[in-house]
Amino acid sequence: QVQLVESGGGLVRAGGSLRLSCAASGRTSSSFAMGWFRQAPGKEREFVAAITWSDDNTDYADSVKGRFTISKNNAENTVYLQMNSLKPEDTAVYYCAAKFYYGGPLIHPYQYNYWGQGTQVTVSS
């Protein structure tokens, strides 16, 4: 089993920044890919960004490209999401997720095996 714990959410004004963290524990693997997803009220969960553990390949949703950066710290089994130039439409609960990765797309939430509890990000205008 794998446990994922997010932190770093909060309230910020438009144009501000936040950094989310996701600490992974348990049976983690170098074959993992780690993803960030978000879900706003009344909307479906959507892909934000992902990174592969073995070779640092990254992918981003078009809506966050150039503003968000995903990174990881192997020694601490932690994945980060640096969010800059935040907009009110970025308001959502942000979830960290992990999947075994052997190639293919990283954007589909149904492919992820493990999920964190989520952290709220609210961007005021």
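Residues numbered from 1 in each chain as written. Predicted model: local features only at pLDDT ≥ 70, side-chain atom pairs only at ≥ 80, totals over all residues. Heavy atoms only, no water.

Digging into the sheet that holds strand β7 (residues 68-73)
Formally: Strand pairing is defined by DSSP finding a minimum of two bridges between the two strands. Helix and strand labels come from DSSP, where a helix needs a run of H or I of at least four residues and a strand needs a run of E of at least two; each type is numbered from the N terminus. Note on geometry: axes are lines fitted to C-alpha atoms, helical ones only across the stretch in contact, with angles between N-to-C directions running from 0 to 180 degrees.
Pairing is antiparallel in the open sheet, where four strands are placed in the order β1-β3-β8-β7. Lying at the two open borders of the sheet, with one neighbouring strand each, are β1 (2-7) and β7. Looking at each pair of strands side by side, their axes are set apart by 15° on average, direction ignored. Note: β1 against strand β3 (residues 18-26), six bridges, orientation antiparallel. Within the sheet, the bridge partner assigned to V2 lies in β3 and is G26.

With respect to the state of the cysteines
To keep it simple, the criterion reads: When two cysteine sulfur atoms lie within 2.5 Å, the pair is treated as a disulfide. A simple rule labels every residue: compare its accessible area, found with a 1.4 Å probe on the protein chains alone, to the largest value its type can have, and call it buried under 20%, exposed over 50%, or partly exposed in between.
One pass over the full model with this rule turns up one disulfide. With a sulfur-sulfur separation of 2.0 Å, C22 is cross-linked through a disulfide to C96. Between C22 and C96, the disulfide has an S-S torsion of -75° and is therefore left-handed. A residue pair is termed long-range when its members are at least 10 positions apart, and C22 in strand β3 and C96 in strand β9 (residues 92-100) qualify at 74 residues. By relative accessible area, which is 0% here, C22 ends up buried.

Observations regarding the nonpolar core
Keep this limit in mind: In this description, a nonpolar core means a group of buried Ala, Val, Leu, Ile, Met, Phe, Trp, Tyr and Cys residues linked to one another through side-chain atoms lying within 4.5 Å. Contact criterion: two residues are considered in contact whenever any of their non-hydrogen atoms come within 4.5 Å of each other.
If you look at the biggest cluster of nonpolar residues, it comprises 38 residues, and the most contacted ones within it are L4, M34, W36, L81, M83 and Y94. Once residues lying within four places of it in the same chain are set aside, the contact partners of M83 are G16, S17, L18, L20, R67, F68, Y94 and V121.

Regarding the packing of aromatic side chains
Each aromatic ring pair is specified by the distance between its two centres and by the angle formed by the two planes. Quick note on the threshold: Pairing of aromatic rings covers Phe, Tyr and Trp, the last counted by its six-membered ring, and requires centre-to-centre distances within 6.5 Å; plane angles under 30 degrees mean stacked, over 60 mean edge-to-face, and any other angle means tilted. In this scheme, the term charge over a ring applies when either NZ of a lysine or CZ of an arginine sits within 6 Å of the ring centre and within 35 degrees of the ring normal.
This structure, assessed with the given rule, holds seven aromatic pairs. Note on F32 and F100: the rings are 4.8 Å apart at their centroids and 70° apart in plane angle, and the pair reads as edge-to-face. Placement of F32 in strand β4 (residues 32-39) and of F100 in strand β9 is noted, with a sequence separation of 68 residues between them. On the accessibility criterion, F32 (2% relative accessible area) is buried. Where F37 meets W115, the ring centres are 5.1 Å apart and the plane angle is 55°; that geometry is what we call tilted. Note that F37 is positioned in strand β4 and W115 in strand β10 (residues 114-115), a separation of 78 residues in sequence. Aromatic ring contacts, followed pair by pair, group F37, F47, Y95, Y112 and W115 into a single cluster. The ring of W53 has K72 lying over it, and the distance from NZ or CZ to the ring centre is 5.3 Å. In this structure, K99 is placed above the aromatic ring of Y112, and the distance from its NZ or CZ to the ring centre is 5.5 Å.

Focus: the pattern of salt bridges
As a reminder, the rule being used: When a carboxyl oxygen of Asp or Glu is within 4 Å of a side-chain nitrogen of Lys or Arg, the pair counts as a salt bridge.
Going through the model one piece at a time under the given rule, you end up with five salt bridges. Residue D90 is joined to R38 by a salt bridge in which the shortest nitrogen-to-oxygen separation is 2.9 Å. Of this pair, D90 sits in the loop between β8 (78-83) and β9 while R38 sits in strand β4, and the two are 52 residues apart along the sequence. A single burial state applies to D90 and to R38, both of which are buried. Connected through salt bridges with shared partners, the residues R38, E46, R67 and D90 form a single ionic network.

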